[in-house]
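Inside the fold
For reference, the chains in residue letters:
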Amino acid sequence: MDRLLRVAGGCGLAFLLVLGVVAVLPRGVRDAVPNAVIGGAVLVLGALGARRAVKASR
């Protein structure tokens, strides 16, 4: 259960990190980046974090 909470926390952190980076970008760039790209980045970062958490627990 502890591992699951860590993975969920990592996914949440990745989500906030991507949103923070997008918020810092100039408005023209933010408007040009599709929402699917942002969502994809969150999923990739979450998957990488989950993979790392699983490897660390072994």
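Residues numbered from 1 in each chain as written. Predicted model: local features only at pLDDT ≥ 70, side-chain atom pairs only at ≥ 80, totals over all residues. Heavy atoms only, no water.

**Concerning the overall build of the protein**
A count of helical and extended segments in the protein gives 3 helices and 0 strands. The secondary structure elements of the protein, listed N-terminal to C-terminal, are α-α-α. Compactness check: the protein gives a C-alpha radius of gyration of 14 Å against a globular reference of 10 Å for 58 residues, more than 25% above the reference. If you line up the protein on its principal axes, its C-alpha atoms span 45 × 15 × 15 Å. In the protein, which comprises 58 residues, the share counted as buried stands at 10%. Only carbon and sulfur atoms are counted for the fraction: they give 70% of the accessible area of the protein, which is about 4600 Å². (Helix = DSSP H or I, 4+ residues; strand = E, 2+ residues; numbered from the N terminus. Rg over C-alpha atoms; globule rule 2.2 N^0.38 Å. Buried < 20%, exposed > 50% of the residue type's maximum accessible area, 1.4 Å probe, protein only. Areas by Shrake-Rupley, 256 points an atom, 1.4 Å probe, with all protein chains shown as cover.)

**Quick notes on helix 1 (residues 2-24)**
For helix 1, which comprises 23 residues, the first-to-last C-alpha distance of 33 Å matches the rise-based estimate of 33 Å (1.5 Å per residue) to within 8%. Looking at helix 1, one finds that the buried residues are A14, V18 and V22. (Expected span 1.5 Å × (residues − 1).)

**Things to note about a nonpolar patch on the surface**
A cluster of nonpolar side chains, contributed by L17, V21, V44, L45 and L48, occupies part of the molecular surface with about 440 Å² of accessible area. Listed by contribution, the elements that provide at least two residues to the nonpolar patch are helix 1 and helix 3 (35-57). When residues of the nonpolar patch are assigned to their parent elements, the largest contribution, 3 residues, is made by helix 3. With respect to the helices and strands, the residue L45 is situated in helix 3. (Patch = residues over 30% accessible without salt bridge, like charges linked within 9 Å, V, L, I, M, F, W, Y side chains within 5 Å. Salt bridge = Lys/Arg side-chain N within 4 Å of Asp/Glu carboxyl O.)

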